[in-house]
Amino acid sequence: MTTNPGKGGGVAALLARWVALGLGLATAIFLFAMMLITTVDVIGRYLLSAPLPGAFELTQVLLAATIFAGLPLVTLKEEHVSVTLFSGRLKGRASTLHAAFVSALSAVAFAVIAWQLWIQAGRLASYGDTTSLLRIPMAPLCWMMAGLAALSAAMLVMLAVAHLTGRRGAIHGGLVG
C-alpha cells in the first residue's frame, strides 16, 4: 500500500483539514457579507439618498471576524508576513532551528494576545458594551477573537514541534506543499 506524501495522515492532519474548511467557509461568508453590505450602502447612499443604517458598525464587526477567522488559516499554512534578510541564507539544521524558534516565539505572542482579548471580553461583558447604533454586543466578538488567537498559538506550538521533529507535513495535512 502506498501513501500520498502530499497528504498528511493521522488525527492532526484530519483536524487541520476540518479546521481549515470551517474557518475558510466562515471567512468567505464574512467577506461576502461585507461586500453585500458595502454594495447596498453605496447604492442606497448615492442613488437613493438613503444609506444602510448601521453599515459602518456591521463592517467593523465583520472585518474583525474576518481577520481573526483567517488568522489560524494563515498560521497553519505558515504564510504570515515575514522579512527574510538573513533567514534565507540559513541552511540545514540552522534553518530548522530558526523556523522552530520563530514559531515558538510567535506562539507566545499569540498566547498573550489571546489572554488580553479574553480579559477585555470579560470587561466588555461586565459593562454590557454594545455598538452605538445597532446595539451588537461586543463581548462575544472579543471572546471569538481570543479563541481564534489561542487556536493560532496552539497551531504555532505544533508547528514548532513539527519543525524540530521533521513532521511538518503531518501538521499541514496536505494543505501546503
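Residues numbered from 1 in each chain as written. Predicted model: local features only at pLDDT ≥ 70, side-chain atom pairs only at ≥ 80, totals over all residues. Heavy atoms only, no water.

## Thoughts on the overall build of the protein chain
Selection rule: Strands here mean DSSP runs of E at least two residues long; helices mean DSSP runs of H or I at least four residues long; both are numbered from the N terminus. The buried label goes to any residue with under 20% of its type's maximum accessible area, the exposed label to any with over 50%, and the partly exposed label to all in between, with areas taken from a 1.4 Å probe on protein chains only. Here, two residues are considered to be in contact whenever any of their heavy atoms come within 4.5 Å of each other.
The number of helices and strands found in the protein chain is 5 helices and 0 strands. Along its sequence from the N terminus, the protein chain presents helices and strands in the succession α-α-α-α-α. Scored against the burial criterion, the 177 residues of the protein chain give a buried share of 31%. Contacts spanning at least 24 positions in sequence make up 74% of the contacts within the protein chain whose residues lie at least 6 apart.

## Looking at helix H2 (residues 55–76)
Each full turn of the α-helix corresponds to 3.6 residues, which orients residues three or four apart in the same direction. For the record, the criterion: Multiply 1.5 Å by the residue count of a helix minus one, and that product is the helix's expected span. Bend is computed residue by residue as the angle between axes fitted to the seven residues ending at the residue and the seven residues starting at it.
Over its 22 residues, H2 runs 32 Å from end to end, which matches the ideal 32 Å to within 8%, given 1.5 Å per residue. The largest bend along H2 measures about 25° and falls at glycine 70, with the proline proline 72 one to four residues further on. Downstream of H2 by one or two residues, glutamate 78 has phi in the positive range, about 55°.

## Description of a nonpolar patch on the surface
Quick note on the threshold: In this analysis, a patch consists of residues with relative accessible area above 30% that form no salt bridge, clustered at 9 Å for like charges and at 5 Å for the nonpolar side chains Val, Leu, Ile, Met, Phe, Trp and Tyr. Under the convention used here, a 1.4 Å probe and the Shrake-Rupley method define accessible areas, while residue burial counts only the protein chains that appear. By convention in these notes, a salt bridge is any Lys or Arg side-chain nitrogen within 4 Å of a carboxyl oxygen on Asp or Glu.
Nonpolar side chains collect at one region of the surface, where Val42, Ile43, Tyr46, Leu47 and Leu48 lie side by side and expose about 580 Å² of accessible area between them. Following the sequence through the fold, isoleucine 43 ends up in helix H1 (residues 10–47). Take isoleucine 43: its relative accessible area is 41%, and that puts it in the partly exposed class.

## A look at the packing of aromatic side chains
Formally: The aromatic pairing rule takes the rings of Phe, Tyr and Trp, using the six-membered ring of Trp, and pairs them if the centres are within 6.5 Å, calling planes under 30 degrees apart stacked, those over 60 edge-to-face and the rest tilted.
The full count for this structure, using the stated rule, is 1 aromatic pair. Between tryptophan 118 and tryptophan 143, the ring centres sit 5.9 Å apart and the planes meet at 55°, which makes this aromatic pair tilted. With tryptophan 118 in helix H3 (residues 92–127) and tryptophan 143 in helix H4 (residues 139–165), this pair connects stretches of sequence that are 25 residues apart.

## A look at the nonpolar core
Basically, it comes down to this: Buried Ala, Val, Leu, Ile, Met, Phe, Trp, Tyr and Cys residues that are joined via side-chain atoms within 4.5 Å together make up what is termed a nonpolar core.
Judged by nonpolar contacts, the single largest core of 33 residues is most densely connected at Phe68, Leu117, Leu141 and Met145. Sorting the residues of this core by element identifies H1, H2, H3 and H4 as the ones contributing at least two each. With 11 residues, the top contributor of residues to this core is H4. Sequence-distant contacts of phenylalanine 68, that is, excluding residues within four places in its chain, are made with Leu117, Met145, Leu148 and Ala149.

## Examining the confidence of the model for the protein chain
Going by this rule: Here pLDDT means the predictor's own confidence in every residue, given as a number from 0 to 100.
On average, the protein chain scores 85 in pLDDT, and the residues at 70 or more come to 88%. Counted against residues more than four places away or in other chains, residues 1–6, with its pLDDT under 50, gives 1 contact.

## With respect to unusual backbone geometry
The phi angle at serine 49 is positive, at roughly 55°, despite the residue not being glycine. Relative to the helices and strands, serine 49 resides in the loop between H1 and H2. Taking the relative accessible area as the measure of exposure, serine 49 reaches 66% and is therefore exposed. The backbone phi angle of arginine 135 is positive, close to 60°, even though this residue is not glycine. Overall, arginine 135 belongs to the exposed group, its relative accessible area being 56%.

## Things to note about the packing of H3 against H4
Going by this rule: Lines are fitted to the C-alpha atoms to define the axes, a helix being fitted only along its stretch in contact, and any angle between axes, read from their N-to-C directions, falls within 0 to 180 degrees. Geometric relationships in this document are graded by angle, where less than 35 degrees denotes roughly parallel, more than 145 denotes roughly antiparallel, 65 to 115 denotes roughly perpendicular, and other angles denote oblique. Handedness of a crossing follows from how the near helix is turned relative to the far one, being left-handed for an anticlockwise turn of less than a right angle and right-handed for a clockwise one. Basically, the charged four are Asp, Glu, Lys and Arg, the nonpolar ten are Ala, Val, Leu, Ile, Met, Phe, Trp, Tyr, Cys and Pro, and anything else, Gly included, counts as polar.
Across the interface, H3 lies against H4 with an axial gap of 7 Å and an inter-helix angle of 165°. What the angle tells us is that H3 and H4 run roughly antiparallel. Seen along the crossing, H3 lies across H4 with a hand that is left-handed. Among the residues forming the contact of H3 with H4, the class breakdown is 27 nonpolar, 7 polar and 1 charged.

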